[in-house]
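These are the residues of each chain, in order.
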Number of protein chains: 2
Amino acid sequence: MTTGNRMAEKTAGIRDVAAHAGVSQTTVSHVLNATPHTRVAEDTAARVRAAAEKLGYRPNRFARGLRTHASDMIGLVTEEIATTPHAGRIILGAQEEATRRGLTLAIINSELNPDPEVDSAQVQTFLDRQADGIIYATVYHDEIVAPENLRARPAVLIGARDSTGTIPAVMPDEQAGAVSVVEMLLARGHRRIAFAASEEDVPATRGRLLGYQHAMRAAGLPIDDLVAFGTADARGGYAATLQLLDHEPTAVFCYNDRMAMGAYRAAGERGLTIPRDLSVVGFDDQAPIPESLFPTLTTVTLPHYEMGAWAVSTLDALLNGKGEDALLAAHPTLLACPLLERESVAPPRVAGS
Amino acid sequence: MTTGNRMAEKTAGIRDVAAHAGVSQTTVSHVLNATPHTRVAEDTAARVRAAAEKLGYRPNRFARGLRTHASDMIGLVTEEIATTPHAGRIILGAQEEATRRGLTLAIINSELNPDPEVDSAQVQTFLDRQADGIIYATVYHDEIVAPENLRARPAVLIGARDSTGTIPAVMPDEQAGAVSVVEMLLARGHRRIAFAASEEDVPATRGRLLGYQHAMRAAGLPIDDLVAFGTADARGGYAATLQLLDHEPTAVFCYNDRMAMGAYRAAGERGLTIPRDLSVVGFDDQAPIPESLFPTLTTVTLPHYEMGAWAVSTLDALLNGKGEDALLAAHPTLLACPLLERESVAPPRVAGS
């Protein structure tokens, strides 16, 4: 694909540079985009740069200044707009950052996608509408296989990295968030800290469980009988907590706030008062749950607003040819999940084992 | 404001038509837009139409065919994107309908606005970006004062009508939704049906309370001691329900699902099992509450998806000069709020008074 097709005199494309330098188009792309995690011999790289300069070629990624009809519109493809407020926070962060930068944010919903190969249709819609760049937000995978057309313009991923490691990506630091919960409970004196884990196969499941396991092991505490799995909803949290209560935990850390709602129910049925007899912690800060529970729920917030804003500012940097830093930075970028303390945690009544 | 400023020869504007016909610009607008709820004498209307035809004037509302640079982009300004899944459903409905019609949906969030005078800034942003039309979604008022610039292009309102009745609008039929709850409870044998009302000053508060009152009166039932007010959240529902339980209702209909969460708590503290001892109904179908409660909550769904889709299809009709029907239709358009039955309603244990 060459830029400037509409002009009478055809501009050099990546194909021309590759032919001139005697390398593949992929190599040209890696060199000119300074793609991280790729290695090209320095003399080859020099040859590519010389060819590009001679032919007046600039990669699309840095070509915005050359385009005469930049739309100043960026496209956001996001899964599950309608099912949780999470996508709403991503949209809000992206929209406010776009407004600050004089960009318009257009959005398309994508069905929840159990397949790691991202569908190209929504991306193509934005390409057809001349979007300057595209943000793709997903929930199901650590890693996705990006469709070829997502490389046609600058792109940024939210919630997953791409399998080739060439698209900037941002994700919540689920593991560190879970570690902070366990450390807070330890500081309050808890030792028998149980984890109501999720059966759902999403990145958050793995990150949160790992965080719990690492923090407990770091404290030298056994977790053998203190992990139970359930569906990632109130029913699953209820069932998992009933199981866990047989092993006398003083605190139950739940995979998410919906499971914590079930933990409250289970505690109530066993005659346990939260937090006097049992501390409970959630994850997600999913409105309106934490403020609607009796007592209000201590939980962990997700950086959805921040991820949306990060994606737009990173995309804008790429559009302005200032993207090298973002591309070369740690990949993917992990944003913190801060603990939000409310009323559901107290010291244990009896010191744990 | 005249169309075609960029052309060498100036096109006639509404001002010219008004001067030629000897009427106000407002009258010209009412006649040519066939604005509902306005009355213009037939000879005056005929004079306006003749003047418009002679001068070659068409109102902006129908002028899309004349524009050479239609963007095929429509702008959605919505309040509270981030706080509830409601805005997400509006966005999804609007986006999917836009895609079906080959339009791109751009969005801007607006702060929750306690003032009925809608801010013109977000609208202006879309006008500056050449949006073909604008959808404005609000939550706080039955009626808003639209900023002048919202009349510069075709526009549609969600959740409120405008004070002049000249902008197509769509709202949920809150009152009919509340009536359907009471009628369902009556059909199950309930007579002492209480209402946990909201103190919040929003259209939904008034519509739902009116629906409850009308349906109870239609059934010849007293409601004197059966209405209590609270904040529109779990704490408010808890406090209101505790009050109501002193008057021995067999069912508590709550203003929203968050208040219903509080009603569950209050029932639990009084040793009442739902639905055996007390039926509870919510409103909103606000995920994840209804499916997360024990038992799951019977509630009323809001047509947010449908309102978003309605707004886009109405806007598209206006853009294509087919908007007369939409403008002439009942104003505002009310969409149904269907009852969604789950597990929280059963016949009363003892027949009510």
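The residue numbers shown here count from 1 along each chain, following its written sequence. Chain letters start at A and ligand numbers start at 1, both assigned in the order the entries are written. Residues qualify for local features only when their pLDDT is at least 70, as the model is predicted, and side-chain atom pairs are given and counted only at 80 or more; totals for whole chains, interfaces and linings, by contrast, use all residues.

A closer look at the overall build of chain A
Looking only at helices and strands, chain A has twelve helices and 14 strands in total. Among the 353 residues that make up chain A, the fraction classed as buried is 51%. Secondary structure is summarised from DSSP: a helix means a run of H or I of at least four residues, a strand means a run of E of at least two, and numbering begins at the N terminus for each. Partly exposed residues are those whose C-beta has more than 12 but fewer than 20 other C-beta atoms within 10 Å; 20 or more makes a residue buried and 12 or fewer makes it exposed, with C-beta atoms placed from the backbone.

A word on helix α11 (residues 304-319) of chain B
All names here are of chain B. Taking 1.5 Å per residue as the helical rise, α11 with its 16 residues ought to reach 22 Å, and the 22 Å between its terminal C-alpha atoms agrees with that figure. Counting buried positions over the 16 residues of α11 gives 13, a clear majority of the element. Taken from the residues just after α11, Gly-321 is the one with a positive phi, measuring 70 degrees. To estimate the expected span of a helix, subtract one from its residue number and multiply by 1.5 Å.

Points about the confidence of the model for chain A
Low pLDDT means the predicted coordinates in that region are not meant to be read closely. Residues and elements named next belong to chain A. Confidence of the prediction at every residue is given by pLDDT, a number between 0 and 100. When pLDDT is averaged across chain A, the result is 85; 85% of the residues are at 70 or more. With C-beta atoms placed from the backbone, a contact is any residue pair whose C-beta atoms sit within 7 Å. Low pLDDT, under 50, characterises residues 60-69; the stretch is placed with 18 contacts to residues that sit more than four places away or in other chains. The ipTM, which scores confidence in the relative placement of chains, is 0.76 for this predicted complex, and the corresponding pTM is 0.78.

Description of the sheet that holds strand β10 (residues 251-254) of chain B
All names here are of chain B. Any two strands are treated as partners once DSSP identifies two or more bridges connecting them. In space, the four strands of this open sheet follow the order β9-β8-β10-β11, with parallel pairing throughout. Two strands lie at the open edges of the sheet, namely β9 (227-230) and β11 (279-281), each paired on one side alone. Ignoring strand direction, the axes of neighbouring strands in this sheet form an average angle of 20 degrees. Pairing of strand β8 (residues 193-198) with β9, which is carried by four bridges, proceeds in the parallel orientation. By the bridge assignment, Phe-195 is partnered in β9 with Val-227. Working convention: axes come from line fits to C-alpha atoms, limited for helices to the stretch in contact. Angles between N-to-C directions cover 0 to 180 degrees. Across the sheet, helix α7 (residues 203-218) lies against β8 and β10, angled at about 165 degrees from β8, the strand it touches most.

A closer look at the domain arrangement of chain A
Residue and element names in this part refer to chain A. Under the domain assignment, chain A is made up of domain 1 (14-58), domain 2 (71-167 + 304-335) and domain 3 (174-302). Computed from C-alpha coordinates alone, the two centres of domain 2 and domain 3 are separated by 31 Å. In this complex, domain 2 contributes eight residues to the contact, which on the side of domain 3 involves five residues. The classification used treats Ala, Val, Leu, Ile, Met, Phe, Trp, Tyr, Cys and Pro as nonpolar, Asp, Glu, Lys and Arg as charged, and all other residues, Gly among them, as polar. Residues that form the side of domain 2 that touches domain 3 fall into these classes: three nonpolar, four polar and one charged. For every domain, the bounds stem from an assignment made automatically or drawn from a database.

Things to note about the relation of the copies chain B and chain A
Least-squares superposition of the copies uses the C-alpha atoms of those residues scoring a pLDDT of at least 70 in each of them. Superposition record for chain B on chain A: RMSD 0.6 Å, screw rotation 180 degrees, translation along axis 0.1 Å. In short, the pair behaves as if placed about a two-fold rotation axis. Of the C-alpha atoms belonging to chain B, the one lying closest to the rotation axis is found on Ala-106 of chain B, 1.7 Å away. The fraction of interface residues of chain B whose copies in chain A are also interface residues reaches 100%, indicating that both copies meet through the same surface.

Observations regarding the nonpolar core
Among buried residues, those of type Ala, Val, Leu, Ile, Met, Phe, Trp, Tyr and Cys that are joined through C-beta atoms within 7 Å form a set called a nonpolar core. By size, the foremost hydrophobic cluster in this structure holds 88 residues, and its most contacted members are Ile-135 of chain A together with Ile-135 of chain B. Leave out the neighbours within four places in its chain, and Ile-135 of chain A touches Ile-74, Leu-76, Ala-94, Val-156, Ile-158, Ala-311 and Leu-315 of chain A.

Thoughts on the interface of chain B and chain A
Across the contact, 32 residues belong to chain B and 32 residues belong to chain A. For the side of chain B that touches chain A, the elements supplying multiple residues, two or more each, are α4 (85-100), β2 (104-110), α9 (257-269) and α10 (289-292) of chain B. Among the elements that make up the side of chain B that touches chain A, the one with the highest residue count is α4 of chain B (nine residues). Residue composition of the side of chain B that touches chain A, by class: 16 nonpolar, nine polar and seven charged.

Re the pairing of strand β1 (residues 73-79) of chain A
Residue and element names in this part refer to chain A. Judged by how many residues are buried, β1 sits mostly within the fold: seven of seven residues are covered. Of the two faces of β1, the one carrying Met-73, Gly-75, Val-77 and Glu-79 and the one carrying Ile-74, Leu-76 and Thr-78 are both buried. Where β1 meets strand β2 (residues 104-110), seven bridges bridge the pair, whose relative direction is parallel. For Thr-78, the partnering residue across the bridge sits in β2 and is Asn-109. Bridge count between β1 and strand β3 (residues 133-137): five bridges; the pairing is parallel. Paired with Leu-76 across the bridge in β3 is Ile-135.

Concerning α7 of chain B
Residue and element names in this part refer to chain B. Over its 16 residues, α7 runs 22 Å from end to end, which matches the ideal 22 Å to within 8%, given 1.5 Å per residue. Turning to α7, its buried residues number three or more, namely Pro-203, Ala-204, Gly-207, Arg-208, Gly-211, Tyr-212, Ala-215 and Met-216. In this fold, the buried residues of α7 make contact with α6 (174-187), β8 and β10. Remark: Gly-220 follows α7 within two positions and exhibits a positive phi of approximately 70 degrees.

Describing the packing of helix α1 (residues 14-21) of chain B against helix α3 (residues 42-55) of chain B
All names here are of chain B. Close contact between α1 and α3 brings their axes to 9 Å; oriented N to C, the two are set at 125 degrees. Put simply, α1 runs oblique to α3. Of the two possible hands of crossing, α1 and α3 adopt the one that is right-handed. Counted together, Asp-16, Val-17, His-20 and Ala-21 of α1 and Arg-47, Val-48, Ala-51, Ala-52 and Leu-55 of α3 form the full contact between these two elements. Taken together, the residues of the contact of α1 with α3 break down into six nonpolar, one polar and two charged. Roughly parallel means an angle under 35 degrees; roughly antiparallel means over 145; roughly perpendicular covers 65 to 115; every other angle is labelled oblique. With the far helix as reference, a near helix turned anticlockwise by less than a right angle produces a left-handed crossing, and one turned clockwise produces a right-handed crossing.

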